[in-house]
Amino acid sequence: MLLYPFHIYNLPKLNLGVNPASSKSRWWLISAYNSTSLEQGIPLKNDERITYAVLGSGSVGFLVAKELAQRGRMFTIIDKNAKRVETLRDQNFDAHVGDITKEEVITELLTPDLEIVMILSSDVDANTKALSVIKERKPDVFVIVRAADPLSKDKLEEAGADAVVYPSALIASATLHDLQKAESQRSANRLHEILKSIKKLGILVHDNPDPDSIASALALGQIAASVDTEAAIIYHGEISRQENRAFVNLLNIDLIHVDEVDPNEYDMLALVDTGTPGANNPLTSLDKVGIIIDHHGVPEQRVLYTDIRDVGSTATILTNYLDELDIDIDKRLATALLYGIRIDTQDFKKHVTPADLAAAMKLMQLSDREILNQIESPTMSMETLDIIGEAIHNKHISGSYLVSCVGFMHNVDALAQAADYVLNLEGVTAVAIFGLNEEKIHISARSKDIRVNIGTVMSQAFGDIGSAGGHSNAAAAQIPLGVFTGVRDRKTLLSLVEEVVTRRFYTEIGVERDE
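As the structure is a prediction and not an experimental result, all values here were calculated from the model.

Rules behind the numbers
- Residues numbered from 1 in each chain as written.
- Predicted model: local features only at pLDDT ≥ 70, side-chain atom pairs only at ≥ 80, totals over all residues.
- Heavy atoms only, no water.
- Helix = DSSP H or I, 4+ residues; strand = E, 2+ residues; numbered from the N terminus.
- Contact = heavy atoms within 4.5 Å.
- Areas by Shrake-Rupley, 256 points an atom, 1.4 Å probe, with all protein chains shown as cover.
- Buried < 20%, exposed > 50% of the residue type's maximum accessible area, 1.4 Å probe, protein only.
- Lys, Arg positive; Asp, Glu negative; His and termini not counted.
- Salt bridge = Lys/Arg side-chain N within 4 Å of Asp/Glu carboxyl O.
- Polar contact = N/O pair within 3.5 Å; in protein donor to acceptor, adjacent residues only side chain to side chain.
- Pairing = 2+ DSSP bridges.
- Right-handed = clockwise from strand over helix to strand, strands pointing away.
- Axes fitted to C-alpha atoms, helices over the stretch in contact; angles between N-to-C directions.
- Nonpolar A, V, L, I, M, F, W, Y, C, P; charged D, E, K, R; others polar.
- Parallel < 35°, antiparallel > 145°, perpendicular 65-115°, else oblique.
- Left-handed = near helix turned anticlockwise from the far one by under 90°.
- Arc of directions from axis to C-beta.
- pLDDT = per-residue confidence, 0-100.
- Expected span 1.5 Å × (residues − 1).
- Phe/Tyr/Trp six-rings, centres within 6.5 Å; stacked < 30°, edge-to-face > 60°.
- Lys NZ or Arg CZ within 6 Å of the ring centre and 35° of its normal.

S.K.: I'm lost on the overall build of the protein in this one. Help?
M.R.: Broken down by element type, the protein carries 16 helices and 18 strands. A fraction of 66% describes how many contacts in the protein between residues 6 or more apart in sequence connect residues 24 or more apart. Total accessible area on the protein is roughly 22,900 Å²; 49% of this is exposed by carbon and sulfur atoms.

S.K.: Looking at this structure, how should I read the side chain of Asp344?
M.R.: With respect to the secondary-structure elements, Asp344 resides in helix α10 (residues 331-344). Although buried, Asp344 forms no salt bridge, and the nearest oppositely charged side chain, Arg446, lies 8.7 Å from it. A distance of 3.0 Å separates the side chain of Asp344 from the side chain of His295, its partner in a polar contact. Setting aside anything within four residues of it in sequence, one finds Asp344 in contact with Asp210, Asp212, His295, Gly312, Ser313 and Lys350.

S.K.: What exactly am I supposed to notice about the environment of Asn473 here?
M.R.: Within the fold, Asn473 resides in the loop between β17 (467-470) and β18 (474-480). With 21 residues separating them along the chain, Asn473 and Val452 place their C-alpha atoms 8.1 Å apart. Those residues in contact with Asn473, other than ones at most four positions away along the chain, are Gln346, Lys350, Ala445, Arg446, Ser447 and Ile454.

S.K.: Mind showing me how you'd approach the pairing of strand β7 (residues 200-205) here?
M.R.: Two faces make up the sheet, and in a regular strand the side chains alternate between them. Within β7, five of the six residues are buried, leaving the element largely enclosed by the surrounding structure. Here five bridges tie β7 to strand β8 (residues 230-235), and the two strands are oriented parallel to one another. When the bridges of β8 are listed, Lys200 appears paired with Glu230. Crossover β7 to β8 through helix α7 (residues 211-225) is right-handed. The pairing of β7 with strand β10 (residues 268-272) spans five bridges and is parallel. The partner of Leu201 across the bridge, within β10, is Met268.

S.K.: What am I meant to see in the sheet that holds strand β16 (residues 440-447) here?
M.R.: Paired through backbone hydrogen bonds, the strands of a sheet run either parallel or antiparallel to each other. Strand order in this open sheet of six strands is β13-β14-β15-β16-β18-β17, and the pairing throughout is mixed. Two strands in the sheet have a free side with no partner beyond their single neighbour: β13 (396-398) and β17. Here the strands of the sheet are splayed against their neighbours by 15 degrees on average, with no regard to which way each runs. Across three bridges, β13 lies against strand β14 (residues 401-408) in antiparallel orientation.

S.K.: Whenever I open this one, the side chain of Asn411 confuses me. Can you help?
M.R.: Residue placement: Asn411 occurs in the loop between β14 and α14 (413-422). Its relative accessible area of 2% is what places Asn411 among the buried residues.

S.K.: Just to check I follow, could you spell out the packing of helix α9 (residues 314-324) against α10 for this structure?
M.R.: In helix packing, the relevant descriptors are the interaxial angle and the interaxial distance, both defined with respect to the helix axes. In contact at an axis separation of 9 Å, α9 and α10 are set at 145 degrees when each is read in the N-to-C sense. Residues Ala315, Thr316, Leu318, Thr319 and Leu322 of α9 pack against Leu333, Leu337 and Ile341 of α10. When grouped by side-chain class, the residues that make up the contact of α9 with α10 number six nonpolar, two polar and no charged.

S.K.: Would you mind showing me how to read the packing of α7 against α9 here?
M.R.: Viewed as axis vectors pointing N to C, α7 and α9 meet at an angle of 20 degrees, and their least axial separation amounts to 8 Å. Judged by the inter-axis angle, α7 sits roughly parallel to α9. The handedness of the crossing between α7 and α9 is left-handed. Where α7 approaches α9, its residues Asp212, Ser216, Ala219, Leu220, Gln222 and Ile223 are matched on the opposing element by Thr314, Ala315, Leu318, Tyr321 and Leu322. Looking at side-chain class alone, the contact of α7 with α9 contains seven nonpolar, three polar and one charged residues.

S.K.: How should I be thinking about helix α11 (residues 354-364) in this particular structure?
M.R.: Since the α-helix packs 3.6 residues into each turn, any two residues three or four apart lie on the same face. Buried residues of α11: Asp356, Ala359, Ala360 and Leu363, and no others. Viewed end-on, α11 has its buried residues packed into an arc of 100 degrees, placing them on one side of the element. Opposite its buried face, α11 presents the exposed residues Pro354 and Met361, each directed more than 90 degrees away. The inward-facing, buried residues of α11 contact α9 and α10.

S.K.: Help me understand the confidence of the model for the protein in this model?
M.R.: Fine structural detail should not be taken from predicted coordinates in areas where pLDDT scores are low. On average, the protein scores 84 in pLDDT, and the residues at 70 or more come to 88%. Contacts for the low-pLDDT stretch residues 1-47, under 50 throughout, to residues beyond four places or in other chains number 126 contacts.

S.K.: Teacher, can you tell me more about the pattern of salt bridges here?
M.R.: Oppositely charged side chains can form a pair if their charged atoms are brought close together. Tallied over the full model, the rule gives 22 salt bridges. The salt bridge partner of Asp79 is Arg84, with a shortest N-O separation of 3.3 Å. Looking at Arg84, the relative accessible area reads 34%, which means it is partly exposed. One continuous salt-bridge network, built from bridges that share partners, spans Arg241, Glu243, Asp420 and Arg446.

S.K.: I keep staring at helix α13 (residues 382-393) and nothing clicks. Help me out?
M.R.: Taking 1.5 Å of rise per residue, the 12 residues of α13 would be expected to cover 16 Å, and the 16 Å separating its terminal C-alpha atoms lies within 8% of that figure. Restricting attention to buried positions, one finds in α13 the residues Thr384, Ile387, Ile388 and Ala391. Take α13 and look down its axis: the buried residues cluster within an arc of 100 degrees, on one side only. Those residues of α13 that are exposed and aimed more than 90 degrees away from the buried face are Met382 and His393. Where α13 is buried, its residues contact α8 (242-250), β14, α14 and β15 (430-436).

S.K.: Before we go on, may I ask you to explain the packing of aromatic side chains in this structure?
M.R.: The description of an aromatic ring pair uses the distance of the two centres, along with the angle that the planes make with each other. Under the criterion given, the structure shown has four aromatic pairs. Taken together, a centroid distance of 6.1 Å and an interplanar angle of 65 degrees make the contact between Phe62 and Phe93 edge-to-face. Here Phe93 lies in the loop between α2 (82-90) and β3 (95-97) and Phe62 lies in helix α1 (residues 59-70), a separation of 31 residues in the sequence. The class for Phe62 is partly exposed, based on a relative accessible area of 24%. Assessed through its relative accessible area of 1%, Phe93 is described here as buried. Centroid distance Phe75 to Phe93: 6.1 Å. Interplanar angle 55 degrees. Geometry classified as tilted. Of this pair, Phe75 sits in strand β2 (residues 75-79) while Phe93 sits in the loop between α2 and β3, placing them 18 residues apart in sequence. When the ring centre of Tyr266 is taken as origin, the NZ or CZ atom of Lys200, which lies over that ring, is 5.2 Å away. For Arg490, the ring lying beneath its charged end belongs to Phe408, and the centroid distance is 3.8 Å.

Have a look at this one:
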């Protein structure tokens, strides 16, 4: 493979199933490394998984190392220039002195955890020698090698290079693009192997699931089926929004309510579009959870496989898996995934990434346009209309921020529709619409104010008394009514809830409540 590095690529945050000791940025670890030279036979630190290596730390190697560090990758750098290594260490990189033409240096590098090597020195002969040793000793390692010019390309490919790059202003970005591909392939293959090892998988989506969550679960079920693993989609709450009901019915998607499920009948549980126990899902622990796939910023969880990416929808991640694993996407699945991406990116207007657009382009050619039109044009229930009416009637506006309580309600999904609707009122830039059922307070928030990250606002306002989070423009929260234990009168309870939610929201967003 020859790369023409004429584009800057954005590498998403991937987790290959490894559970790092910390979620902090890791360009850092050097303080714990005391070795001075690989040539002295001093081993690399063995209690951290070093999965990447950069050989050669000239201008290209340094740029790649910086990008790897910013993405939290675990890596080491080898260079024969002692002064250069010392400079790297001063900047908190894990760097070692070593001549990459020496077999013992490469052998020392090839730990069981090493997955990808980038040979980026300016010496093509040295690069070729290092490549030959790596491929001889550990042929499964993905190796990206720097060439001097197109003439040296063939020589390196014959020696076994998986990808070849040669100098240009964007060589570092091109290398990272290949790294993305390698990570994506390994991530999909690892998931595939895990699914092979079990007989029955329970796929749990978030409460009151939306199309992105359901479509992603459907795709994961398809991947499981490709290895003869039985899978079921499990949900909690209700599917009450008209579009979501139409989505499930028209695409004939089977879901099982959590109340009808015995967790013990599954070998493993997978969390899709949700990642923390109790945060928009009915779990109280990670028992039996082996897989987490999500696109929201959730805390790292110690499970067998985790993939959290900074993309617009979880359906984008699953589309990528299907592509990497060469699994056919039929019209039904393509329609589901495309609609999931469109909903979570608000028709590609909010938090959309190049990965979302690439996935949508692929799916658009395979999807059923007629079914999509039917899903998008359902009838509106009377309850949804009533809740939107209550949101407008009970609105309280302070500056350009609106809060409204719709009272006791049954259709939780209608809150999101109400929030979308009132955000269009003149002069309003952020809204929080909330209501109660028998168990929880449900809040749906929206923002078009570039100064307000509504996901952060909701997390900080309600995270200490419930579960909350989301993106910069859309977020939600759930607060157990247990925090109001002892209040039996519904009118008093409603008054207290309205006071607490309104005060917390306005305080966090930074305005005083107008009386």
